[in-house]
Amino acid sequence: MKIDNIKKICVIGAGNMGHQIALCTALAGFQVRCTDISQDMLNKAEDFTRTYLPERVAKGKIPQAQADQALSNLSFTQNLEEAAGEADFVIEAAVEIMDIKRKLFADLDRIAPPHAILATNSSFIVSSKIADATKRPDKVCNMHFFNPALVMKLVEVVKGPHTSIETVQVTMDLCTKLGKNGVLLKKEIYGFLVNRILSALHHEALFLADMGIASPEEIDMAVTNALGHPMGPFRLMDFTGIDLSYYIGMERYRETGDPKDKPSPLVIEKFFKGEYGKKTKKGFYSYE
Ligand code: 3HC
């Protein structure tokens, strides 16, 4: 298969990442179906699309015709069969829980056409942990976007030992079609490139806050002022979701049994208070 054979894309998940990945692919001219088990999330994704596109036109960032085309290219449905039944390429951006992803990939394998590539946007989980839930492991890979997906240029493509060269090539070509810079990881590694680097930073920032050395606000100020990052680690966790930090830590801890992989006390506290960051209007900061 070649990139020119990819016409229809299915995006699984309308959350933080999924709704923007779906819009990004629709803006690039693909016919896109975005699906989620939550009708509320789908409604929010559709509302975002209907607000974002006219704003981009008004700002002079995209022509009206492209906005109109993207709007007609993109549809939302709760029905997985309807979303994936005719897809040439599936991007899964569901919750970071291994069992859910494995079940989804088994369902997608049954539903999506045999030629379809099944990619996961997982932040950390390598696709070999999921590929064997399908009968097409050669067509399974990681395709990892960054938040906000409409803005951030990088996409990590990870080749698992099961992934064919053809799948990797089509996925890298898709990155180019989306106006992204794809970086190919030739071997699997937990957390890929960027999240390994980011994790080290977040781990240290959480340790310093847990120890009472400085507050999250002060640590963020230090990182933005001294390192020039656009956001400090706590603001960034609020933005990407403290629930995501929790799930990632727990999945890792379940796998390794190493206490240092457990989410930090501060993340656990926020998670159980339901303070996930921007999306719940409260995290390390307040967004009322
Ligand atoms: N959705 C879509 N577009 C957005 C946006 C959002 N949530 N927030 C900002 N933008 C767009 C604006 O429309 C604007 O576009 P334009 O220049 O074309 O008009 C542009 O981004 C800049 O926006 P602003 O001037 O309002 O704000 P900033 O200059 O502060 O930029 C930011 C906002 C791009 C989010 C910037 O703060 C940033 O780069 N933050 C760091 C983001 C980051 O580190 N991402 C990686 C997270 S890790 C990850 O994703 C891993 C995954 O596994 C979870």
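Check the entry above for the structure.
Residues numbered from 1 in each chain as written. Predicted model: local features only at pLDDT ≥ 70, side-chain atom pairs only at ≥ 80, totals over all residues. Heavy atoms only, no water.

## Points about the overall build of the protein
The helix and strand tally for the protein stands at 12 helices and 8 strands. Taking 19 Å as the expected radius of gyration for a compact globule of 288 residues, we find that the protein reaches 19 Å, a close match to that expectation. Its C-alpha atoms give the protein principal-axis dimensions of about 55 × 45 × 35 Å. A sequence separation of at least 24 residues applies to 68% of the contacts in the protein between residues at least 6 apart. Carbon and sulfur atoms make up 56% of the accessible area of the protein, which amounts to about 13900 Å² in all. When the 35 basic and 36 acidic side-chain charges of the protein are each reduced to a single mean position, those positions are 4 Å apart. (Helix = DSSP H or I, 4+ residues; strand = E, 2+ residues; numbered from the N terminus. Rg over C-alpha atoms; globule rule 2.2 N^0.38 Å. Contact = heavy atoms within 4.5 Å. Areas by Shrake-Rupley, 256 points an atom, 1.4 Å probe, with all protein chains shown as cover. Lys, Arg positive; Asp, Glu negative; His and termini not counted. Charge placed at Lys NZ, Arg CZ, Asp CG, Glu CD.)

## A few points about helix α1 (residues 18-27)
By the criterion of burial, α1 is predominantly enclosed, with 10 of the 10 residues buried. Inspection of α1 places Gly18, His19, Gln20, Ile21, Ala22, Leu23, Cys24, Thr25, Ala26 and Leu27 among the buried residues, and these make up the whole buried set. Buried-residue contacts for α1 involve β1 (8-12), β2 (31-35), α2 (39-58), α3 (64-73), β3 (74-77) and β4 (89-92). At the exit of α1 stands glycine 29, carrying a positive phi of roughly 100°. (Buried < 20%, exposed > 50% of the residue type's maximum accessible area, 1.4 Å probe, protein only.)

## Points about the sheet that holds β2
With mixed pairing, the 8 strands of this open sheet are ordered in space as β3-β2-β1-β4-β5-β6-β7-β8. Two strands in the sheet have a free side with no partner beyond their single neighbour: β3 and β8 (181-185). Each strand of the sheet is rotated relative to its neighbour by a mean of 25°, with strand direction disregarded. Sitting on the sheet, helix α7 (residues 165-177) touches β1, β4, β5 (117-120), β6 (140-144), β7 (154-158) and β8, and the angle it makes with β6 is about 25°. (Pairing = 2+ DSSP bridges. Axes fitted to C-alpha atoms, helices over the stretch in contact; angles between N-to-C directions.)

## Section: the site of the ligand
As a structural note, the neighbourhood of the ligand is formed by 18 residues, with Gln20, Lys59, Ser123, His144 and Asn147 the closest of them. Within the side chain of serine 123, one N or O atom sits 2.6 Å away from an oxygen atom of the ligand. With respect to the ligand, the backbone of asparagine 147 contributes an N or O atom lying 2.7 Å from a nitrogen atom. Within the complex, the protein chains bury 63% of what would otherwise be the 1000 Å² of accessible surface of the ligand. Grouping the amino acids of the shell around the ligand by side-chain chemistry returns 9 nonpolar, 6 polar and 3 charged. Lining the shell around the ligand are residues from two domains, each supplying at least three of them: domain 1 (3-185) and domain 2 (194-280). (Near = heavy atom within 4 Å. Polar contact = N/O pair within 3.5 Å; in protein donor to acceptor, adjacent residues only side chain to side chain. Nonpolar A, V, L, I, M, F, W, Y, C, P; charged D, E, K, R; others polar. Domains from an automatic or database assignment.)

## Examining the packing of aromatic side chains
Evaluated as defined, the whole model comprises 9 aromatic pairs. When the centroid spacing of 5.3 Å and the interplanar angle of 20° are considered together, the rings of phenylalanine 48 and tyrosine 52 count as stacked. With phenylalanine 48 and tyrosine 52 both in helix α2 and 4 residues apart, the pair spans about one turn of that helix. Classification of tyrosine 52 as buried rests on a relative accessible area of 16%. Here phenylalanine 271 and tyrosine 276 contribute two aromatic rings whose centre-to-centre distance is 5.6 Å and whose plane-to-plane angle is 20°, an arrangement assigned as stacked. (Phe/Tyr/Trp six-rings, centres within 6.5 Å; stacked < 30°, edge-to-face > 60°.)

## With respect to the packing of α2 against α3
Direction vectors running N to C along α2 and α3 enclose 165°, while the axes themselves pass 9 Å from each other. When the axes of α2 and α3 are compared, the pair comes out roughly antiparallel. Read as a crossing pair, α2 and α3 show a hand that is right-handed. Taking contact as the criterion, the partners of Thr49, Arg50, Leu53 and Val57 in α2 are, on α3, Gln64, Ala67, Ala70 and Leu71. The residue inventory of the contact of α2 with α3, partitioned by class, reads 5 nonpolar, 2 polar and 1 charged. (Parallel < 35°, antiparallel > 145°, perpendicular 65-115°, else oblique. Left-handed = near helix turned anticlockwise from the far one by under 90°.)

Shape is all these values report; function is a separate question.
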